[in-house]
2 protein chains.
Amino acid sequence: MEIGYFCDKNREYIIENMHPVRPLKNYLWNDTTFAELNQFCFGTTKSCINKDFRPLVNDVRLIYVKDKESGETYSPNRNYAKLPFDSFRCRVGLGYQTTESSYKGLESSFTVVIPEHGYMELQKFTLKNTGDTARKLSVYSYLRPFVNINGHLAYGKGGYEKGIGALYYTFRAFRCDQKYTDVFYKASETPVAFSTSDSSFLGYGTLEKPEAVQAEFLPNDLTVFEENYCGAMQFEVEIGANEEKSWYFVIGTAQNEEESTALANEYATKETFEREYARQGELADEYIDKVIVDTPDEYINSSVNIWLKRQIALGKTWGRIYGKGFRDLLQDITGFVSFDCKRAKERLLYTLRHQFISGNGLRQFDPVVDYPYQDMPVWIPIAVLTYIKESGDYGVLNEEVAYYDSDIIETVFLHIKRGMDFLYSNQGVHGLGLWRGGDWNDSMNNCGLQERGESVWLSIATVKATDDYVEILENCPIANAKAIAEEIKTKQSVLKENIIKYGFEKDHFIYGINDWDERVGSYENEEGKMYLNPQTWAVMAGIFDEKGGNALMDHVEANLKCDYGYLQNVPSYTKPDPHLGRISYFGAGLYENGSVYNHGVMFKVVADCMLGRGNNAYETLKMARYNNPSNPNSGTEPYAISNMCFGPYAYARKGFAPCSWVTGSAGWMYRAVTEYILGVQADFDGLKVSPCMPSVWEAARIERTFRGVKYLIEICRGDEQGLFVDGVKIEGNKIPLFAEGETHEIEYLSKR
Amino acid sequence: MEIGYFCDKNREYIIENMHPVRPLKNYLWNDTTFAELNQFCFGTTKSCINKDFRPLVNDVRLIYVKDKESGETYSPNRNYAKLPFDSFRCRVGLGYQTTESSYKGLESSFTVVIPEHGYMELQKFTLKNTGDTARKLSVYSYLRPFVNINGHLAYGKGGYEKGIGALYYTFRAFRCDQKYTDVFYKASETPVAFSTSDSSFLGYGTLEKPEAVQAEFLPNDLTVFEENYCGAMQFEVEIGANEEKSWYFVIGTAQNEEESTALANEYATKETFEREYARQGELADEYIDKVIVDTPDEYINSSVNIWLKRQIALGKTWGRIYGKGFRDLLQDITGFVSFDCKRAKERLLYTLRHQFISGNGLRQFDPVVDYPYQDMPVWIPIAVLTYIKESGDYGVLNEEVAYYDSDIIETVFLHIKRGMDFLYSNQGVHGLGLWRGGDWNDSMNNCGLQERGESVWLSIATVKATDDYVEILENCPIANAKAIAEEIKTKQSVLKENIIKYGFEKDHFIYGINDWDERVGSYENEEGKMYLNPQTWAVMAGIFDEKGGNALMDHVEANLKCDYGYLQNVPSYTKPDPHLGRISYFGAGLYENGSVYNHGVMFKVVADCMLGRGNNAYETLKMARYNNPSNPNSGTEPYAISNMCFGPYAYARKGFAPCSWVTGSAGWMYRAVTEYILGVQADFDGLKVSPCMPSVWEAARIERTFRGVKYLIEICRGDEQGLFVDGVKIEGNKIPLFAEGETHEIEYLSKR
């Protein structure tokens, strides 16, 4: 069964198959709170307060509707009993999630929104009587607030506080750092009855048939020493024929009763809900229309225009949810700089505050993970470069930023420089970058801790970063730029030679040489003989000429392709090897151990395009999507990209794609389509057009706002070739800068 | 509805009301694994490996039975759907738990046993066809093994391993200390189908109606990267009229496949199950019959003869489950020494290994909690004294034991002495014991950290401990005993004076004086004006004469009594006070903050008896039990005593009694009945009889094995008074020692 369909007009995806391979996630968030919701609006809401996560809602949100005449009770947003609903679907939106159903003349709609600010979640439930006669109903809202902050049951209590007009929970612990220990759950009208204890609400029943809902009224129970709190409210209502009624809810956390009262009263209203709901649309407006593509591939259009932007936007605020990674944030910047330039700068400076004075960066912050991964500086030049090209803001190089482990404050340029100097001054006996705790491949985390192992991939990435660095040096007003550039280019040449000399093996680059002088990703190995990223990055870094690059990518096609995409390495490790690290302990086919790791797949798409292999690039993209016919059970959302698909070496669940949304793949896929396949790239002095479309595409359009100018770009295959600006052919492939506010029509004709 | 009934003959409690106020717990255990099971056989099984807990089974255990002709499917041990079972009950046993039901001609019985040794749980499921025709059935077993040791999903996998003939799960993590990462789940016959993935088993269904059980066959799914593993096996069976069939299961953890195979093959058999099941009875035999009472109160008989012994036995092996407390283990020893003398010695020496060289002890071990509680030495003399009196083993005083924080090895006597010296050398400006991190009352944990506050209760307990110490000194062969005794008695006198001078206030003893020179448990306080334990211990320590003691206890009756028992303090704190600590942050009426804390209640019963207040003692005991008519919703097990009942100051759930089994109350209640109400106490040179029965009891019997001699003791009220040994009246109230193996009849006649 099809999962559903894109409704781009409303910026929605409509899930019609409510029982797909796995639950489909949507994320709602503001800067401090996020909700991870599935098609039933189940899922956890958490706030991040002082860099600590504070769970707020535990997974379940249920509405129950009881017909007071027949006694029939059901949950319109979950339908545990699989009643014959007339309709049952989910509207996945940008900033909201709505589960709708229709059953026996009652249309219901349950919507969750995270408001623009604060530690709260808002809900709306609407019930419409589509029948001919009035209906007498009991309506129940139910969720599980998180109250037991530090686990000791004796500190918590819950009940109904008349002063607030809300279910109210407190947790008052001795020696507790968390200040947000009160929880309020309020409805837009006063419930006739309530429950706060999950054991009392469920009794010996189940979520499908809680004992409390089977009674005439909820028990109005206060509670203490509760393992699981609940918030349940009962409303009695009569709804006339063709009438509808809505209830509005807020659940949030605050520091005390006064603050709770104010927030509960403000947010549990129709007005606030509708304002915040509308606000989500406005927030999306701010970035959605900056880049609009129109290709022959509807999925690509929906993805690039709406959903990839949304997924990248999650990353730009929340990193990878579990924490904010130095390299992740910098890569995400290159993804969203074209549609949120202001935020890009802010995130850039924020990330650089987590750089060490050594030049390397902290792997993750909020919360901190400090492990000697070596690749952080690799990602700085490209992030700064893409920001300057997009914005024209050369001044960013002079912005002053502190270091994570020092009081020294230096310019962004010096941050870049320290990073590059770190990369070139931390090399091993083969003149390659020291591996230490790992690099992009987090899971090769025991290869180089003894300060001997060297990473070939890191060295290749350093070459690529050097290109970006030199591009900055040669195009921006920097003192002594030329000398710095010459010096680093000399070092780069030596490094390139070493990469080829020690890193290339017959037909591919190995991953590295570990502390035990063992070659990794080599024919010498029984497992993990070849890795994807060294090949794709060798192309991106121009280690070889075009012919050499093509040979590498041919080798990738021949050896790393599977039904679901391209494998990180082959064959997957099946034997734990402490000379490698975590990667070999992971199940075969999982994560870095030979999954189709989509982040790496998107590097491959870019590498393809850089070599003009548009058909390879496009076929690769098609394999990654939800409807890859060779991977019918990936389970992935049509509207999100997953971190990985399990590889064919997996013990089970081959092709399954968990961990959607939280992946750097989104930014790279977005760039792959817009900057490489469609080939529209910001440059210092204009917009470069250099497409690499698949041969099945005759034409495509892209609307691109750049430095305040709107460019309506059409890319076609034609007999004539060249770039036409407002109908006039110009030399080269770069659209010049125009005055802010203007609109220009661009045509790019390429070979048929 | 009554909960059920005691069946002492089978050492069982039969739960007939399967839906009581709260789930009723039973514990099964060996030295390394325990299961906490409710009436449905749901509950968690954990092992303790190298002092770390390793969860093994996560709560749920279900059997499903599907009639292949009608298609009807139900769970005989849970009955989610509340089908009209003909019978549904639970047999709570010593070392096993059985849930039985009968529905539409099928009798089923599901039993869980923890075998005598190892990290395993055994199960048996029996199905009997009581109808007239053969039945074709699918039978499914289902549970949730715990596989994700350190939380990272990528390390785990599950499937069916033909070599073992078992569902098999491994978790192979990088840098993982836990060696027991393999889990096997094997049945006595090969399943026709299986499932290992909970998401696949449940699908979008529920435990009541899993999708996989609705299909003809389980999906035979292997799995990786699973959030929740399951173990489900399907068996196809035809059972003739009046025939029955049983399946035997083992779930366990091992270090590798070889070990798993051996254990799985040995334990998933009828022979092993029946052997281990029988073994549980033999293990109970070893201690159950040592002390048997026959009073007019059937509940007391069942409790003392079977269930309190069982509850104390849990403590003797597992402490309080969450950890082993120094003071808890020592108190438990005084409880079980009369029926397991050998284990008492072993536990005594084990506990003393956790004493510091300072004389104080480590609050908790396995796992360690090190906080400066000051009362550990108070409990050493009484534990040693009761052990010597029971065993006659004076040699224990010369056993050598190390200290926790030192290489010094010293005799048990010197351990006692260091403890007593610690108590007397750590006193404050009023000459009372320094409070520091707290004492018995763990939750007054911020009263004395600044080394100024003094605890009156600790001082009283020190007086009591001194009496025990002096009794050892005066009765055992110890060098220089007389001088040591004289010296400490002098100190004791001074301490007593200080207790009265600074600790007594009008009509009661305060709890202490904190770091801020504030009196705690005083009329000066707005809340917590009076505490229970200082009064009861003042009686036990003989701080006042009989008249003074009675006045204290009268004051207790007048001020601390509520419907559920006697409150730890009144009124409960409602305002957090950092000058006190955790106690004032706990919800009012919970734990030390004014609950009916049964441990303290049992001190009160002993104090009553010491003053001859047998009626008060008995009425107090009656309030603590499950069928206290003034506390119908305590929820407590008839066969276990709870840590506390929430007090009348509680925000909600007043009288509710959670936390059964894991409490020192069991040992003290056992002693209160046998040693104080019935008054039969071991002494160095015989068995003392000094009963204090309630006036409603005319007579009672106690069979007591002491030093290898069986005493059949009858206590009656009569006109004549005195102690008769084998019909001959003797002087005093002490039964002399006899030759091992003999049986003697004792009669004790007391005032009518």
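A short tour of the structure in this document, coming up.

Here we look at the overall build of chain A
Across its full length, chain A holds 16 helices and 44 strands. A globule of 752 residues ought to have a C-alpha radius of gyration of about 27 Å, and chain A, at 28 Å, matches this closely. Going through the 752 residues of chain A one by one, you find that 66% of them count as buried. Contacts in chain A between residues far apart in sequence, at least 24 positions, make up 65% of those at least 6 positions apart. Put simply, chain A shows about 25,800 Å² of open surface, and 47% of that area lies on carbon and sulfur atoms. When the 79 positive and 104 negative side-chain charges of chain A are each reduced to one mean point, those points stand 1 Å apart.

Notes on the pairing of strand 6 (residues 52-67) of chain B
Two faces, one strand: in a regular strand the side chains alternate between the faces of the sheet. All names here are of chain B. Looking at chain direction, strand 5 (residues 45-49) and strand 6 are connected through 5 bridges and run antiparallel. Looking at the pairing, Lys 46 lines up with Pro 55 of strand 6. Linkage of strand 5 to strand 6, two consecutive antiparallel strands, is achieved through a turn of 2 residues, within which Asn 50 is found at a positive phi near 50°. Looking at chain direction, strand 6 and strand 12 (residues 135-145) are connected through 8 bridges and run antiparallel. Residue pairing in the sheet places Lys 66 in a bridge with Ser 138 of strand 12. Summarising the sheet, strand 6 and strand 7 (residues 73-74) pair through 2 bridges and their orientation is antiparallel. Across the sheet, the residue bridging to Val 65 is Tyr 74, located in strand 7.

Some points on the sheet that holds strand 44 (residues 743-750) of chain A
Residues and elements named next belong to chain A. In space, the 6 strands of this open sheet follow the order 20-39-40-44-41-42, with mixed pairing throughout. If you trace the sheet from one side to the other, it starts and ends with strand 20 (291-294) and strand 42 (728-730), each paired once. Between one strand axis and the next, the sheet turns through 20° on average, direction left out of account.

Here we look at unusual backbone geometry
Residues and elements named next belong to chain A. Residues Val 570 and Pro 571 are joined by a peptide bond in cis, for which omega reads -20°. Tracing the backbone shows Pro 571 in the loop between strand 34 (569-570) and strand 35 (596-597). Of note, the phi angle at Asp 366 is positive, near 55°, even though the residue is not glycine. Checked against the element boundaries, Asp 366 lands in the loop between strand 22 (364-365) and helix 8 (380-391). Accessibility expressed as a relative area gives 8% for Asp 366, which makes it buried.

Re the interface of chain B and chain A
Taken together, the contacts link 55 residues of chain B with 55 residues of chain A. Summed over both sides, the interface between chain B and chain A buries roughly 4,200 Å², with carbon and sulfur atoms accounting for 59% of that surface. A per-residue breakdown of the area chain B buries against chain A is headed by Arg 172, Tyr 204 and Tyr 651 of chain B, which together make up 22% of the total. If you look at where chain B meets chain A, you find 4 salt bridges. For Arg 653 of chain A, the salt bridge is made with Glu 226 of chain B, and the minimal N-O distance between the two is 3.5 Å. Secondary structure elements with two or more residues in the side of chain B that touches chain A: strand 13 (156-161) and strand 17 (223-224) of chain B. The greatest single-element share of the side of chain B that touches chain A, amounting to 5 residues, is contributed by strand 13 of chain B.

Observations regarding the side chain of Thr 411 of chain A
Residues and elements named next belong to chain A. Relative to the assigned elements, Thr 411 resides in strand 24 (residues 406-411). Its relative accessible area of 16% is what places Thr 411 among the buried residues. Ignoring anything within four residues of it in the chain, the contact list for Thr 411 reads Leu 397, Asn 398, Glu 399 and Glu 400.

Here we look at the relation of the copies chain B and chain A
Here the second copy of the chain follows from the first by a rotation about an axis and a shift along it. Take chain B, turn it by 180°, move it 0.0 Å along the axis, and it overlays chain A with an RMSD of 0.0 Å. Considering both components of the superposition, the chain copies are consistent with a two-fold axis. Closest to the rotation axis within chain B is the C-alpha of Thr 206 of chain B, separated from it by 4.4 Å. Mapped onto chain A, 100% of the interface residues of chain B are again interface residues, and the two copies thus contact each other with one and the same surface.

Quick notes on the rules
- Residues numbered from 1 in each chain as written.
- Chains lettered and ligands numbered in written order.
- Predicted model: local features only at pLDDT ≥ 70, side-chain atom pairs only at ≥ 80, totals over all residues.
- Heavy atoms only, no water.
- Helix = DSSP H or I, 4+ residues; strand = E, 2+ residues; numbered from the N terminus.
- Rg over C-alpha atoms; globule rule 2.2 N^0.38 Å.
- Buried < 20%, exposed > 50% of the residue type's maximum accessible area, 1.4 Å probe, protein only.
- Contact = heavy atoms within 4.5 Å.
- Areas by Shrake-Rupley, 256 points an atom, 1.4 Å probe, with all protein chains shown as cover.
- Lys, Arg positive; Asp, Glu negative; His and termini not counted.
- Charge placed at Lys NZ, Arg CZ, Asp CG, Glu CD.
- Pairing = 2+ DSSP bridges.
- Axes fitted to C-alpha atoms, helices over the stretch in contact; angles between N-to-C directions.
- Buried area = accessible area lost by both parts, 1.4 Å probe.
- Salt bridge = Lys/Arg side-chain N within 4 Å of Asp/Glu carboxyl O.
- Least-squares fit on C-alpha atoms with pLDDT ≥ 70 in both.

Any functional reading would require information that these geometric values do not contain.
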